[in-house]
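Fold and geometry: a report
Spelled out from the first residue to the last, the chains are:
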Amino acid sequence: MSYAMNVLPFMRDVKVIVDIGAHHGDFAEALLCVGAEIYCLEPYPYNFEMLSKRLSGRTNVKLFNYGISSFSGRILMFDDCPSTLCSFEERWPREEFKDLFLSDRTLEVGVKSWTAFLLDIGKHPDFVKIDCEGHDTVIIREILKHGFLPRFLMFEANLKKDDVLLGEILANGYHEIARWSLDAERGRFDIFYEITKG
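Below, the discussion takes up the side chain of S113. For S113, the location among the structural elements is in strand β6 (residues 106-113). Filtering out sequence-adjacent residues up to four positions away, S113 remains in contact with I68, S69, S70, F71 and S72.

Time to look at the environment of E37. Position of E37 relative to the elements: it lies in strand β2 (residues 37-41). The contacts of E37, once residues within four sequence positions are left out, are K15, V16, I17, N60 and K123. There is a polar contact of 2.7 Å between the side chain of E37 and the side chain of K123.

What follows is about the packing of helix α6 (residues 136-146) against helix α7 (residues 163-171). For any two helices packed against each other, one specifies the inter-axial angle together with the distance between the axes. Relative orientation of the contacting elements α6 and α7 amounts to 25 degrees, with a least axis distance of 11 Å. Between α6 and α7, the angle falls in the class roughly parallel. Where α6 crosses over α7, the handedness of that crossing is left-handed. Seen from α6, the contacting residues are T137, I140, R141 and L144; seen from α7, they are V164, L165, E168 and I169. Classifying every residue of the contact of α6 with α7 by side-chain character gives five nonpolar, one polar and two charged.

This part takes up the sheet that holds strand β5 (residues 73-78). The three strands lie next to each other as β4-β6-β5, forming an open sheet whose pairing is mixed. Only two strands of the sheet have a single partner each, and these edge strands are β4 (67-69) and β5. Strand after strand, the sheet turns through a mean of 55 degrees between neighbouring axes, direction not considered. Looking at chain direction, β5 and β6 are connected through six bridges and run antiparallel. From the neighbouring strand, I75 faces β6, where its bridge partner is V109.

Time to look at the packing of aromatic side chains. For the structure on display, the rule yields twelve aromatic pairs. With 6.4 Å between their ring centres and 25 degrees between their planes, W180 and F192 make a pair best called stacked. Taken together, the residues W180 in strand β9 (residues 174-183) and F192 in strand β10 (residues 188-195) connect sequence positions twelve residues apart. Summarising the burial analysis for this pair, W180 and F192 share the class buried. Following the ring pairs from residue to residue traces out a cluster consisting of F10, F27, F127, F152, W180 and F192.

What follows is about helix α5 (residues 114-121). Those residues of α5 that sit buried are W114, F117, L118 and I121. For α5, the buried positions fall inside an angular range of 100 degrees around the axis, keeping them on one side. Phi for G122, located one or two positions after α5, is positive at around 70 degrees.

This next bit is on the nonpolar core. Nonpolar side chains in soluble globular proteins tend to end up buried together. Judged by nonpolar contacts, the single largest core of 31 residues is most densely connected at I20, W114, F117, I130, F155 and I169. Looking at this core, the elements that each hand over two or more residues are β1 (16-20), β2, α5, β7 (127-130), α6, β8 (152-158), α7 and β10. F117 has contacts with V18, Y39, L41, F64, Y66, I68 and K112, leaving out every residue within four places of it along the chain. Listed in part, the 23 residues of the second largest apolar core include A28, F48, L55 and F192.

Cut-offs used in this document
Residues numbered from 1 in each chain as written. Predicted model: local features only at pLDDT ≥ 70, side-chain atom pairs only at ≥ 80, totals over all residues. Heavy atoms only, no water. Helix = DSSP H or I, 4+ residues; strand = E, 2+ residues; numbered from the N terminus. Contact = heavy atoms within 4.5 Å. Polar contact = N/O pair within 3.5 Å; in protein donor to acceptor, adjacent residues only side chain to side chain. Axes fitted to C-alpha atoms, helices over the stretch in contact; angles between N-to-C directions. Parallel < 35°, antiparallel > 145°, perpendicular 65-115°, else oblique. Left-handed = near helix turned anticlockwise from the far one by under 90°. Nonpolar A, V, L, I, M, F, W, Y, C, P; charged D, E, K, R; others polar. Pairing = 2+ DSSP bridges. Phe/Tyr/Trp six-rings, centres within 6.5 Å; stacked < 30°, edge-to-face > 60°. Buried < 20%, exposed > 50% of the residue type's maximum accessible area, 1.4 Å probe, protein only. Arc of directions from axis to C-beta. Core = buried A, V, L, I, M, F, W, Y, C linked by side-chain atoms within 4.5 Å.

Next up, the structure:
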């Protein structure tokens, strides 16, 4: 996600940011100026190493070498992609991005449920960015069922396939603020939502 600058005008009262799928830390680094606590989650070892080199030592940034899923434990990650476009979703190397994945090679990485992660940090986030290469749907549903909803959600969605999920998000009181095209031909967009205060 390269749209961190677009969300800055909305960050006035944001105190806790969670960056799920932090990659090398581009998004988190761009939001350092907000002054919020930033929690970065990145399960892929190489990406976590790059993230650590970039952001460790920042007093308002905490780094976690695991991902978020519907359970806590270990999960297979498909990782044979030169662009570090790694995914927990088997359909990515076989269907969605088969032109980018060299093989079905996997490695096992740690994950936690959303609830377990919130217990780890002891806080409720105001802003959650999700960029998890096809696993976004699972994570968003975990957040929605938890009960305490962050004010802002930002994630990638395939508008050709994720219409049910988008309906669930709207049904939970969110409204769309903005959308940026990643790959319009495939229907992939970054979408930014804010919850409507009731």
